[in-house]
Amino acid sequence: MTANAMFYADVKSRAQAAEYDYALTWSVLLLLALGLVMVYSASIAIAEGSRATGYQQMYYLMRHGLFVTIGVTLAGVAFQFPMHFWQKAAPYLFLFAAGLLVLVLIPGVGHEVKGSKRWLSLYVFNLQPSELMKLFVVIYAADYAVRKAAHMDNLTKSFLPLFGVMVLVSVLLLDEPDFGAFAVITVIAMGILFLGGVNWKSFACLIVLLIVSCLLLIWVAPYRMQRVIGFMDPWADPYGKGYQLSHALIAFGRGEWLGVGLGGSVEKLFYLPEAHTDFLLAVIAEELGFVGITLVVMLFSVIVVRAFSIGRQAAALERHFPALVAHGIGLWIGVQALINMGVNMGLLPTKGLTLPLMSFGGSSIVANCCAMAILLRVDWENRQLMRGAAI
């Protein structure tokens, strides 16, 4: 029996055994639940001591709980749409997200926080268009790769049109500025192009071009250069450039193997900035220790592995668009989680990226939940096809 035949038989047995992917579903639910608990733990002090929250210690817990509820509800709605709907809607969803990115930059429309215009005020909460763009660029790039499959060896017909579109999106994101979202979206688009079969010479040239561009972006922007310098040696200026990272590292050090106990973090008491958003992992490390961090890494690993496995199943069934969507979602969640973890542990410069499915942030949670629903839809359709073939 060939390798493909063995894989196809394994897919068929999985489809007959269960209606949906239990490992993926429970990993997502556990991360959402753990995120809810840790956001509450990390935000108690800042919520209780801030006038903006009305001095209510449960302020961020209630809002995060609301975002999770909205995200799960919209995920249930997204699951109902078949993959051919998402393929047809891909260009329109992408244009919608791009339009929102333009709106953010219009004076008086975009909501500015700490010098960055990344949000649109909807009165009840702020919408961050770059989070929606991450989801829609997965769908758009997958549709583009399928439509251009016959021309993947042609530079002008396959590579350059998408490159031009991504340059436009990158300009909008960097003008906010949101370098972290730019990095993630670029990886998603280029990863899907690579998996879609783009000419390897064109892809290699693009990688070189991207590396040079990133270095130039760091060089010309003083604040990015300061982040790199602070990342390389946070202890050289622990009260300035290295303040956030040095306190994150202290949190990791205090956690040791089993942590100081849930709620026992000292760093969250106004020492570590953004403890409930970008640096939630540091609080997890301090309170739950190495064991807690290992659990989080394992759950994200399950999601990424299952995403690529589901994509491979779809490809085996010759469902190329769903396959690329599944791979794109796996890339997105894996790369963003990896960057956030690297930043928290001092392995990467500060990027301003949340930990998917866990950190406080309404737009991020909703986009992540919808992405997981679409991934489960790909898996469900795979199983239905295999079940029909078995009958």
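Residues numbered from 1 in each chain as written. Predicted model: local features only at pLDDT ≥ 70, side-chain atom pairs only at ≥ 80, totals over all residues. Heavy atoms only, no water.

This part takes up empty space enclosed by the protein. Any empty space left between atoms is shown by rolling a water-sized probe over those atoms. Summed over all chains, the structure comprises 2 cavities of 30 Å³ or more. One number sums up the size of the largest cavity: a volume of about 40 Å³. Taken together, D278, F279, N340, V343, N344, T350, K351, G352 and L353 form the lining of the largest cavity. Partitioned by chemical class, the residues of the lining of the largest cavity number 3 nonpolar, 4 polar and 2 charged. (1 Å grid on protein atoms, 1.4 Å probe; cavity = no way out; pocket = protein on both sides within 12 Å on 5 of 7 lines; lining within 4 Å. Points joined across faces, edges and corners; volume = space filled by probe spheres on them. Nonpolar A, V, L, I, M, F, W, Y, C, P; charged D, E, K, R; others polar.)

A few words on the pairing of strand β2 (residues 116-121). Where strand β1 (residues 110-113) lies against β2, 4 bridges are found, and the strand directions are antiparallel. Bridge assignment links E112 to a residue of β2, and that residue is K117. Connecting the antiparallel pair β1 and β2 is a turn made up of 2 residues, with K114 showing a positive phi of about 55°. Alignment of β2 against strand β3 (residues 126-127), held across 2 bridges, turns out to be antiparallel. Each residue of the ladder has a partner; that of L120, found in β3, is L127. (Pairing = 2+ DSSP bridges. Helix = DSSP H or I, 4+ residues; strand = E, 2+ residues; numbered from the N terminus.)

The next thing to look at is the side chain of R118. Locating R118 in the fold gives a position in strand β2. Within polar-contact distance, the side chain of R118 engages the backbone oxygen of P177 at 2.9 Å. When sequence neighbours within four positions are dropped, the list of residues in contact with R118 reads V104, H111, L127, Q128, P129, E176, P177, D178 and G352. (Polar contact = N/O pair within 3.5 Å; in protein donor to acceptor, adjacent residues only side chain to side chain. Contact = heavy atoms within 4.5 Å.)

This part is about the sheet that holds β3. The strands that make up a sheet pair up through hydrogen bonds in the backbone, lying either parallel or antiparallel. Spatially, the 3 strands line up as an open sheet ordered β1-β2-β3, and their pairing is antiparallel. Pairing within the sheet leaves two strands with one partner each, and these edge strands are β1 and β3. Where helix α4 (residues 83-104) meets the sheet, it contacts β1, β2 and β3, and its direction lies at approximately 110° from that of β2. (Axes fitted to C-alpha atoms, helices over the stretch in contact; angles between N-to-C directions.)

It is worth spelling out helix α8 (residues 200-220) at this point. Here α8 is 21 residues long and its end C-alpha atoms lie 30 Å apart, about the 30 Å a rise of 1.5 Å per residue gives. Listed as buried for α8 are S202, F203, L206 and L217. Around the axis of α8, the buried residues are gathered within 90° of arc, so they sit on the same side. Facing away from the buried side of α8 by more than 90 degrees, the exposed set consists of W200, K201, C205, V208, L215, L216 and W219. (Expected span 1.5 Å × (residues − 1). Buried < 20%, exposed > 50% of the residue type's maximum accessible area, 1.4 Å probe, protein only. Arc of directions from axis to C-beta.)

As a further point, take unusual backbone geometry. Here E176 and P177 are connected by a cis peptide whose omega angle stands at -5°. Tracing the sequence through the fold places P177 in the loop between α6 (155-174) and α7 (179-195). At Y55, a residue that is not glycine, the phi angle is positive and equals roughly 60°. Along the chain, Y55 turns up in the loop between α2 (22-48) and α3 (59-79). Classification of Y55 as partly exposed rests on a relative accessible area of 49%. A positive phi angle is found at E256, which is not glycine, with a value near 50°. Relative to the assigned elements, E256 resides in the loop between α10 (243-255) and α11 (280-316). Overall, E256 belongs to the exposed group, its relative accessible area being 61%.

Bringing the state of the cysteines into the picture now. Counted under the stated rule, the structure contains 0 disulfides. C369 takes part in no disulfide bond, and the closest cysteine sulfur to it belongs to C370, at a distance of 7.0 Å. Taking relative accessible area as the criterion, C369 reaches 4% and is therefore assigned buried. A residue is classified by how much of its surface remains accessible, and C370, at 12% relative accessible area, is buried. (Disulfide = S-S within 2.5 Å.)

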